[in-house]
Every structure is written in structure tokens, then in C-alpha cells.
Amino acid sequence: MERLNQKLLSSERECCDLAVMFLDLDGFKIINDQYGHNIGDELLKNISSRLLVQVRKSDTVARVGGDEFIFILNKPQNKDDIIYVGNRIINAISEPIDIMGETFNIGISIGVAQYPTNGNTAVELIRNADIAMYNAKNLGRNTIQFYSS
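Residues numbered from 1 in each chain as written. Predicted model: local features only at pLDDT ≥ 70, side-chain atom pairs only at ≥ 80, totals over all residues. Heavy atoms only, no water.

1. What to know about the sheet that holds strand S2 (residues 60-65)
Then step 1. With respect to topology, five strands assemble into an open sheet ordered S2-S3-S1-S6-S7, the strand pairing being mixed. Of all the strands in the sheet, the pair left with one neighbour each is S2 and strand S7 (143-146). The sheet shows a mean angle of 20° between the axes of neighbouring strands, direction not considered.
Then step 2. Pairing of S2 with strand S3 (residues 68-74), which is carried by five bridges, proceeds in the antiparallel orientation. Across the sheet, Thr-60 pairs through a bridge with Ile-72, a residue of S3.
Then step 3. Where helix H1 (residues 2-14) meets the sheet, its contacts fall on strand S1 (18-26), S2, S3 and strand S6 (107-115), and the angle it forms with S1 comes to roughly 150°. (Pairing = 2+ DSSP bridges. Helix = DSSP H or I, 4+ residues; strand = E, 2+ residues; numbered from the N terminus. Axes fitted to C-alpha atoms, helices over the stretch in contact; angles between N-to-C directions. Contact = heavy atoms within 4.5 Å.)

Structure follows, in C-alpha cells:
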């Protein structure tokens, strides 16, 4: 929250955009329940590493709980730029993951809220990105949805 608030202040000063991407893994609960928390924890570590590769120095990725992550995309040029990053994330996560002799395939649903269009505060942006993420989940795995009122 602190980092997002800092990015919002910077975006306001510089009159630039910001995108909050709310990411939720598809199928994680089933794997965690079936194979145990040790496998689930290793899976989360692997996914975290894959997400960190997608981060530019000006971006932020954080695990907010369970199988949910927030990706703060600083100064996206336009909607296509956000879609490009979202597709890179989807492709990185959907690669098979080998853990302790088992191979797992996982998907990810991404919801996007943009500053200032979809909110002016961290709470508004996260809430709206979360709503968009649930819309993405309803459409199936490996999808990106933008918030719309």
C-alpha cells in the first residue's frame, strides 16, 4: 500500500498514468489441497520468481495473500502497453512448473484498474482491479479484463 501510494503521488505530480493489475492464480487451491501445502508453497515461490522477471525497475509486484498478487505498472503508454505486459505475465505463468517430480500447469486471471480513470486512491484502484479480476475469472483462465463501471 505504501509503495502504491508513493506511485500515485508521483503519477499525480508528473501527470502520468498508472495501472494496478490484480492477479489471481487459476487452479491453485486444487493443487494445494491435493498435493499439500509444501508443494503449494514451492509453486508460489516459482510463480513469484516468474513474476519478478516481468517487473521493470519502476514497477512493483507483491503477494497480497493466498494466491493473489498485485502488479503496479508505472507509466504505461496506453492500453496496448498494459495488455502486452498482461500477456507476458500470462505466458510466463502458464509454462509448466516442475516441483518434486510433478509437473503442474496453472493459469492466471488478471484484472486491471487505471489511474486516474478508475480511481484516485490505492483502495479504489485495488478494489476496482479486484472486481475486474473476478470478471476475468468468470470468462475462464488466462484472461485480462479492464475495470468498467
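2. Focus: the packing of aromatic side chains
Any aromatic ring pair is given by two values, namely how distant the centres are and how the planes are angled relative to each other.
Then step 1. Under the criterion given, the structure shown has one aromatic pair.
Then step 2. Considering the side-chain rings of Tyr-35 and Phe-104, the 4.9 Å spacing of their centres and the 85° angle between planes classify their relative orientation as edge-to-face. On the criterion of sequence distance, the pair formed by Tyr-35 in helix H2 (residues 28-35) and Phe-104 in strand S5 (residues 102-104) is long-range, its members being 69 residues apart.
Then step 3. Given a relative accessible area of 4%, Phe-104 falls into the buried group.
Then step 4. Between Lys-79 and the ring centre of Phe-146, over which it is positioned, the NZ or CZ distance is 4.6 Å. (Phe/Tyr/Trp six-rings, centres within 6.5 Å; stacked < 30°, edge-to-face > 60°. Buried < 20%, exposed > 50% of the residue type's maximum accessible area, 1.4 Å probe, protein only. Lys NZ or Arg CZ within 6 Å of the ring centre and 35° of its normal.)

All we've got here are geometric facts, nothing functional implied.
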